[in-house]
Amino acid sequence: MTAMRRAILVDRIATGILWGIGIFVVAILLAIIGHFLLAAIGTLSPSFLFGEPSDTEVGGIGPLIWNSVYILVLTLLITVPLGTLGGIYMAEYAGEGRITNIIRFSQELISSVPSIVVGMFGLALFVNLTHWSFTALGGALALAVFNLPLMSRLAEQAIRAVPEDERAASLALGSTKWQTIVHVVLPIAIPGLVTGVILTAGRIFGEAAALLFTAGVSTPTHYEFGNLNLTDPRSPWSPFHTATTLSVYIWKLNSDALGSFVQQVANASAAVLILMVLIFNLGARGLGRLLQRRVTGA
Amino acid sequence: MASPPVAVNLHQPLTLSGRLDLPRRFTLAAAAIVVIIVGLLLAFIGWNGTQVFTDTGQSISAILGPTWAPTDGVFGILPFILGTLGVMVVAALIAGPLAIGLAVFMAEVAPPWATSITRPSMEIFVGIPSVVYGFLGATVLVPFLRINFGALGFTVGKSWFAGSLVLALMILPTIASIAYDALLTIPADLRSASLALGTTRWQTIRHILLPAAKAGLLTAVILGMMRAAGEALAVQMVIGNRPVIPTSLTAPMTTLTAQITLDMGNTVSGEPWNQALWTMGLVLLIMSFTFVVLARRLGRGRRAS
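Here the structure is a predicted model, which is why all the values come from computation and not from measurement.

### Observations concerning the overall build of chain B
The number of helices and strands found in chain B is 14 helices and two strands. Against the 2.2 N^0.38 benchmark of 19 Å for 305 residues, chain B shows a C-alpha radius of gyration of 25 Å, more extended than a compact globule. Burial analysis of chain B (305 residues in total) assigns 47% to the buried set.

So this is what it looks like as structure tokens:
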């Protein structure tokens, strides 16, 4: 009887500890978010979000947000089409064979490479070999290196989740396999794909180490958005302009010096990054659900 | 007399154009890009990472030596390798038990309403950029350690322990979500069978579920350690960047990633100092590939059993 009572007591204690861990971790997350939002109050304003950075006072982070978004879009332009095509192969064509194994192993290897090493790779390939120097395009290509396997796997999962009946029905109507994939399978897979794309977009947005040696570290000078010459490195629209992103900027601020106004800027920038992660997460859920209803409910 | 059904393989192309199957080749080409990238990575990092031996003529034992004095031409990278391993192991020791506890909580204990809070929290946790963790460490944790625990040896605050704690925070959600998936794959029968014998929930967790998920949990910790070893900026911001062989948790030290972050921009391509940084990158690449192979081995063992 005492052994049983002891077991029940131990069970109660263990349950308490497990609850404690759960509450502790959620509390830490809330504390981190709360810390930065509180620290950003008073700094976070439209003029901060869209204004120009300053070396002498609390300036803005407009050009840095621009660079982050620009590199994000450029990266997705590369990885979404390629990743989707790769995902189609892995889900629809690939069998159990040597080629499939090699592709899968390669995907895992790339996902494991530290982002600073991807940055070095980008430095060798997209900065030095091409003689582009530090560019948004070089940064986007470096990010594409480790985003591509992720995107490919997301597309594969979204396509695999499409019920087999849909394919059989299409093939029975006499469509070819490719017609079936393009007109039946992909439309059904799109909600899952969109959710995945947005979630990885959040990760690309916050990445910094791979961009240090590829997109560059510098406080951008005044951006002339009227300059639409895509080959002019001074144009913010050009893929060949040096592009310090918001994440890289936080790192730069911290390593330069931590004066009080600099810390204020860094805190508010971190709050913006966290808010972006929250928006990307909620957006991914919301949009995925919306598209799901469109596709299945029509 | 019904004729036997003819088996038609829908995946077998029937026409000439089908046999050529351009879409198949086209998508295969896209899928195979990752293989080319791995090749390029190995070629570029491998070539640059061995220049310090082939071009400058340093010996392997000199490069693996304990002293880093680049201005004197001494490029021992042992402090960085030990630093990376040290910071990684301590981070895993802190985050591992917490993360597995959290995974067990989410999989076995939490009622649905609690899971609906912890799961999205994990996703947001994973999504927070590492610079944000690093900045938090540099502006909150480091001063806290210096002011409150200076007597324990945290004279500057930036330390091995600070680095490990920041990393532990970062890899906690990674380990927890993979461990959670591993626990979910355990067949429900095991649970019911154990509980039917009159065991408490904790006894079931302790003696049935954790052993059953062992390979999966180990994989989760290994992937977390991999992330910790490769993290650069967050660590660099809190670790103190002192190129010494780490001996004390409270003292500044440095890692492979931190040193590359700091020195890459200040050195010129082709000089031995720069070449040594590439060698450090190569070491990181080899380490991460080793982790992948380890995780694969474990995964295979799990599937076989």
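### Examining the overall build of chain A
Regarding its fold elements, chain A presents eleven helices and zero strands. Starting at the N terminus and ending at the C terminus, chain A contains elements arranged as α-α-α-α-α-α-α-α-α-α-α. Projected onto the principal axes, the alpha-carbon positions of chain A cover approximately 70 × 65 × 40 Å. Across the 298 residues of chain A, 46% fall into the buried class. The long-range share in chain A, meaning contacts at least 24 apart out of those at least 6 apart in sequence, stands at 76%.

### Some thoughts on the interface of chain B and chain A
Interface size is often expressed as the accessible area that is lost when the parts come together. Taken together, the 64 residues of chain B in the interface contact 64 residues of chain A. It is helix 2 (residues 22–49) of chain B that contributes the most residues to the side of chain B that touches chain A, 17 residues altogether. Tallied by class, residues from the side of chain B that touches chain A come to 46 nonpolar, 15 polar and three charged.

### Describing the packing of helix 4 (residues 98–112) of chain A against helix 2 of chain B
Where helix 4 of chain A contacts helix 2 of chain B, the two axes come as close as 8 Å, and the packing angle between them is 55 degrees. Taken together, the axes of helix 4 of chain A and helix 2 of chain B are oblique relative to one another. Viewed along their axes, helix 4 of chain A and helix 2 of chain B form a crossing whose handedness is left-handed. Contact residues: helix 4 of chain A offers Ile102, Ile103, Ser106, Gln107, Leu109 and Ile110 of chain A, while helix 2 of chain B offers Ala31, Ala32, Val34, Val35, Ile37 and Val38 of chain B. Classifying every residue of the contact of helix 4 of chain A with helix 2 of chain B gives ten nonpolar, two polar and no charged.

### What about the nonpolar core?
Residues and elements named next belong to chain B. Core analysis: the biggest nonpolar cluster contains 185 residues, and Ala91, Ala103, Val166, Ile175 and Ala179 have the highest contact counts within it. Take this core: its biggest share by element is 18 residues, from helix 8 (residues 160–184). Not counting the four nearest positions on each side in its chain, Ile175 is found in contact with Ala95, Gly96, Ala99, Ala220, Val221 and Gly224.

### Quick look at the environment of Glu52 of chain A
All names here are of chain A. With respect to the helices and strands, Glu52 occurs in the loop between helix 2 (46–50) and helix 3 (62–93). Take Glu52: there are 15 C-beta atoms within 10 Å of it, and that puts it in the partly exposed class. Separated by 27 residues in the primary sequence, Glu52 and Val25 place their C-alpha atoms 37 Å from one another. With residues up to four places along the chain from it excluded, the contact list for Glu52 reads Gly59, Gly60, Gly62, Pro63 and His222.

The rules we used
- Residues numbered from 1 in each chain as written.
- Chains lettered and ligands numbered in written order.
- Predicted model: local features only at pLDDT ≥ 70, side-chain atom pairs only at ≥ 80, totals over all residues.
- Helix = DSSP H or I, 4+ residues; strand = E, 2+ residues; numbered from the N terminus.
- Rg over C-alpha atoms; globule rule 2.2 N^0.38 Å.
- Buried ≥ 20, exposed ≤ 12 C-beta atoms within 10 Å, placed from the backbone.
- Contact = placed C-beta atoms within 7 Å.
- Nonpolar A, V, L, I, M, F, W, Y, C, P; charged D, E, K, R; others polar.
- Axes fitted to C-alpha atoms, helices over the stretch in contact; angles between N-to-C directions.
- Parallel < 35°, antiparallel > 145°, perpendicular 65-115°, else oblique.
- Left-handed = near helix turned anticlockwise from the far one by under 90°.
- Core = buried A, V, L, I, M, F, W, Y, C linked by C-beta atoms within 7 Å.

Treat this as a map of the structure, not an account of what it does.
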